[in-house]
Structures are given as structure tokens and as C-alpha cells.
Amino acid sequence: MSKKTTCIIVDDEPIAREIIASFVKKTPSLELIKTCKNATEAINFIETNKVDLFFLDINMPEINGLSLAKIIGKQSKIIFTTAYRDYAVDGFNLNVVDYLLKPIAFERFFQAVQKTTTIPESKTIEKNEPISKNFMFVRADRKMVKVNFKEILYLESLGDYLKIFLEKQTIVTRETMNNITSKLPQNTFIRIHRSYIVSLNKINSYTNEFIEINNKALPISRSYKETVLQKLAEV
């Protein structure tokens, strides 16, 4: 019998804690060892207990989930659970496993948990044969369509839909920016605006105000500017 993944829930909302706890109980690979109503409780707990996985709310009093995630670091995996879309880019930059937007469906919860179990397996396989996932599948035209990361120029949000601009075509899929960020490799893609994610490899030029890709000028919003310009300076 394989060892279960120990997890804790950190959320200041009682109903949210109950819902996630019920999802954990329905997931055989998980073992819930603690629920915390704030970050301070969680910090005290992890001082003397090893935790494999955190289900972590972001908007909490005193110490928010983003600050707690930095304290946790790489010693444990983190899945953000929040009612706020605006924090997705922060979760993306912190290299968390997934970002779940409330209200959370069990199917989406289970998909996020599956990502935590596949990471160690892929590292084991790499010892014998290098494997690099360089594509994703998205639903378009009533089927799952393969999208190679190297062909993506940029992505544009259209509410609950997303346009993926490739070198030779454009794909429209029913996806949100929050969900798509977890599927893209973080080292080659960056969000520059609430409506745009770009491939760093496809940038032709940039200023403090916009990025140009394939003769298209894409705006850098004020809230993302500092992060974007810092990242571009490192490329």
C-alpha cells in the first residue's frame, strides 16, 4: 500500500474548510492531519510536523496566503484555494502546484491533487530517459487539441474563453487565465496584463509600456510592469 500524502487546510472561512475537508476524505491518496483558520496556526503546526501538501487560502487576516507560501518554500507542495482571480499571477510566480478558484468543484480539486502525485514519478523516469512535457491539450471544436508550447506566440483572455495565438493558427478554447497558467512552463511564459500571457521566446521588442510579438503590440499593465521588466532584464 502506497504512503498517503499528508495535507493541511489553511482557510479563515469555516464553510470553505469543511468543503475542502470533504474533498480530501473522498480522495484515497490524501490524509488530512490538520485544519487551520489562519496562517499563524499553520506556522506553529509545521514547526513540529511534516506536511506534504497545503490547501492554502490567499485572502486571510494578518498573514495572507502568499506570505505563508513564501515561508513554506519548497519543503511542501501548495495548492491555492481562493475566491479572488487577481492573485493568479502571484501563484504562478511562486511555482505552486495549482490555483483553484472558489467555488471549487470536486473534479477540479481532484485534477489539482493528481498533479502533486505525478511530479515525483516523472523525476524517477528521468534517471533512465529524459522526458520533457512540451505541449498541452485544450478543448476546441468539441475535441481535445494538442498545443505545442514552442508554437505559442501569446494568449489573450476573453472572459471565460481564451485565444491561443500560434505561429500558423489561432485556437479558441473555453478556459480561464487562472487555469491556463498552471499548464504553461513558467520559465518561458509570463503574464503581462490581466488579458495577456506571452512567450518570452517570441518577443521581438519591448518598452516600458508594451511588448511586440509578430508585429502585434501588447500592453504591459501597471500592476504587472515591475515583475515583467525585471524578468525581461534577466533574459
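Residues numbered from 1 in each chain as written. Predicted model: local features only at pLDDT ≥ 70, side-chain atom pairs only at ≥ 80, totals over all residues. Heavy atoms only, no water.

**Considering the overall build of the protein**
Next up, step 1: A tally of helices and strands in the protein yields seven helices and 15 strands.
Next up, step 2: Looking at the protein alone, contacts between residues at least 24 apart form 49% of all its contacts between residues at least 6 apart.
Next up, step 3: Accessible surface, the protein as shown: approximately 13600 Å² in total, 48% of it carbon and sulfur. (Helix = DSSP H or I, 4+ residues; strand = E, 2+ residues; numbered from the N terminus. Contact = heavy atoms within 4.5 Å. Areas by Shrake-Rupley, 256 points an atom, 1.4 Å probe, with all protein chains shown as cover.)

**Notes on the pairing of strand β8 (residues 152-158)**
Next up, step 1: Extensive coverage of β8 is indicated by the burial of six of its seven residues.
Next up, step 2: Two elements, β8 and strand β9 (residues 161-166), share six bridges in a ladder whose sense is antiparallel. Note that in β9 the partner of E156 across the bridge is K163.
Next up, step 3: Linking β8 to β9, which pair antiparallel, is a turn of two residues; within it G159 sits at a positive phi near 75°.
Next up, step 4: Strand direction decides the pairing type here: β8 and strand β12 (residues 196-199), joined by three bridges, are antiparallel. Opposite L155, over in β12, you have I197 as the bridge partner. (Buried < 20%, exposed > 50% of the residue type's maximum accessible area, 1.4 Å probe, protein only. Pairing = 2+ DSSP bridges.)

**Details of the pattern of salt bridges**
Two side chains carrying opposite charge are able to pair once their charged atoms lie near each other.
Next up, step 1: Under the counting rule described, the total for this entry stands at eleven salt bridges.
Next up, step 2: A salt bridge links D11 to K102; the nearest nitrogen and oxygen atoms lie 2.7 Å apart. Of this pair, D11 sits in the loop between β1 (5-10) and α1 (14-25) while K102 sits in the loop between β5 (98-101) and α5 (106-126), and the two are 91 residues apart along the sequence. Residues D11 and K102 agree in their burial class; the two are buried.
Next up, step 3: A salt bridge links K183 to E175; the nearest nitrogen and oxygen atoms lie 2.4 Å apart.
Next up, step 4: Because the salt bridges share partners, they merge into one network encompassing D11, E13, D57 and K102. (Salt bridge = Lys/Arg side-chain N within 4 Å of Asp/Glu carboxyl O.)

**Structural notes on the packing of aromatic side chains**
Next up, step 1: Enumeration according to the criterion identifies nine aromatic pairs in this entry.
Next up, step 2: With a centroid separation of 6.1 Å and an interplanar angle of 25°, the aromatic rings of F106 and F109 are classed as stacked. Here F106 pairs with F109, and both are found in helix α5, just three residues apart, close to one helical turn.
Next up, step 3: F106 gets classed as partly exposed once you look at its relative accessible area, which sits at 25%.
Next up, step 4: Pairing Y154 with F165 gives two aromatic rings, centres 4.4 Å apart and planes at 20°, and the pair type is stacked. Here Y154, found in strand β8, pairs with F165, found in strand β9; they are eleven residues apart in sequence, far enough to count as distant. Assigned by exposure class, Y154 and F165 land together as buried.
Next up, step 5: In this structure an aromatic cluster arises from ring pairing among F23, F55, F106, F109 and F110.
Next up, step 6: Its end group placed over the ring of F135, K146 keeps NZ or CZ at 4.5 Å from the ring centre. (Phe/Tyr/Trp six-rings, centres within 6.5 Å; stacked < 30°, edge-to-face > 60°. Lys NZ or Arg CZ within 6 Å of the ring centre and 35° of its normal.)

**Some details on the sheet that holds strand β13 (residues 205-206)**
Next up, step 1: Reading across from one edge, β13-β14-β15 is the order of the three strands in this open sheet, with antiparallel pairing throughout. Only two strands of the sheet have a single partner each, and these edge strands are β13 and β15 (216-219).
Next up, step 2: Summarising the sheet, strand β14 (residues 210-213) and β15 pair through four bridges and their orientation is antiparallel. Across the sheet, F210 pairs through a bridge with P219, a residue of β15.

**Observations concerning the nonpolar core**
Next up, step 1: Within the largest apolar cluster, 21 residues are counted, with the highest numbers of intra-cluster contacts made by I8, V10, F54, L56, L68, I78 and F80.
Next up, step 2: Put simply, the parts of the chain that give this core at least two residues each are β1, α2 (39-46), β3 (53-56), α3 (65-72) and β4 (77-82).
Next up, step 3: At five residues, the largest contribution of residues to this core is made by α2.
Next up, step 4: Contacts of F54, omitting those with residues within four sequence positions, involve I8, V10, I46, I72, S76, K77, I78 and I79. (Core = buried A, V, L, I, M, F, W, Y, C linked by side-chain atoms within 4.5 Å.)

**Structural notes on a nonpolar patch on the surface**
Next up, step 1: On the surface, a cluster of nonpolar side chains totalling about 260 Å² of accessible area is made up of L158, Y161 and V172.
Next up, step 2: Structurally, Y161 can be placed in strand β9. (Patch = residues over 30% accessible without salt bridge, like charges linked within 9 Å, V, L, I, M, F, W, Y side chains within 5 Å.)

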